[in-house]
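# A closer look at the structure
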Amino acid sequence: MPDIPANVDEAVEGQLAAIAAAIGDPARARMLCSLLDGCARTATELAAVADIGASTASSHFARLREQGLVTQAMQGKHRYYRLANPDVAAALEALLVVTGVRAAPFKPRTPPDLCEARTCYKHMAGAVAVRVHDAFLARGYLRAGAGQYALTPRGEEYLRGLGVDVETIHTTRRSFAHPCLDWSARRPHIGGALGDALLAHFLARKWVERQGHSRALRLTRSGEKALRFA
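The name recorded for the chain in an unreviewed UniProt entry is Transcriptional regulator, from Bordetella genomosp. 10.

Here it is in structure tokens:
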């Protein structure tokens, strides 16, 4: 039997055992694996994935949160769960490699036109909005922290270059920018005053167009070119 590394003490061993036990339950394992695609799921959906009742699922969610494996977000009347961080995903992926099983991808039931782009209150949602959100973070335009986003100097320079009135956005009493969980992609897009300003700018530039009286938006050719970075 190999020796335990000297830098692993009893407290760490106990924590490792607790995490392993949390993952090891079949119902919780199914829930965690369903979240590996990076998409959030409701408590009801995860209970269905695990084939258990809502009351039983509640105790499982508490256990997973206690061990730092998932985080919870409230969106309207729903509770959404997602993996706590990339380290959790990496650990699960490694376990799946050992089992030889591949996680099934998330398949939204949202109508295709709404999946691509739509309004969410006064900001944009859908696949296009999620790509813009991810690009803003990847390019360092936004800095995440405590459930809010702060605009970086690089991001401010980019928005000014687009012609967005950054000063007006900062003076609003609303949240400047925050992750808003997208109900079709189950990943965040940009909400708050910045999200509102971006949609208004995209509409003014005719990068996106409203589709009649629907919430659906259409990405135009000029929009495809302008948002190619996303």
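That was the structure; now back to the text.
Let us look at the environment of Thr42. Residue position: Thr42 is located in strand S1 (residues 41-42). Accessibility expressed as a relative area gives 8% for Thr42, which makes it buried. Between the C-alpha atom of Thr42 and that of Met74, which follows or precedes it by 32 residues, the distance is 9.5 Å. In this view, Thr42 contacts His78, Arg79, Tyr80 and Arg186; residues no more than four positions away in its chain are not counted.

Scanning all chains against the criterion turns up seven aromatic pairs. With a centroid separation of 5.3 Å and 90 degrees between ring planes, the pair formed by Phe136 and Tyr141 is classed as edge-to-face. When sorted by exposure, Phe136 lands in the same class as Tyr141, which is buried. Centroid distance Tyr158 to Phe229: 5.8 Å. Interplanar angle 70 degrees. Geometry classified as edge-to-face. In this pair, Tyr158 sits in helix H8 (residues 153-162) while Phe229 sits in the segment after helix H11 (221-226), placing the two residues 71 residues apart along the sequence. Across from the ring centre of Trp183, 4.3 Å away, lies the NZ or CZ of Arg118, which sits over that ring.

Rules of the game
Residues numbered from 1 in each chain as written. Predicted model: local features only at pLDDT ≥ 70, side-chain atom pairs only at ≥ 80, totals over all residues. Heavy atoms only, no water. Helix = DSSP H or I, 4+ residues; strand = E, 2+ residues; numbered from the N terminus. Buried < 20%, exposed > 50% of the residue type's maximum accessible area, 1.4 Å probe, protein only. Contact = heavy atoms within 4.5 Å. Phe/Tyr/Trp six-rings, centres within 6.5 Å; stacked < 30°, edge-to-face > 60°. Lys NZ or Arg CZ within 6 Å of the ring centre and 35° of its normal.

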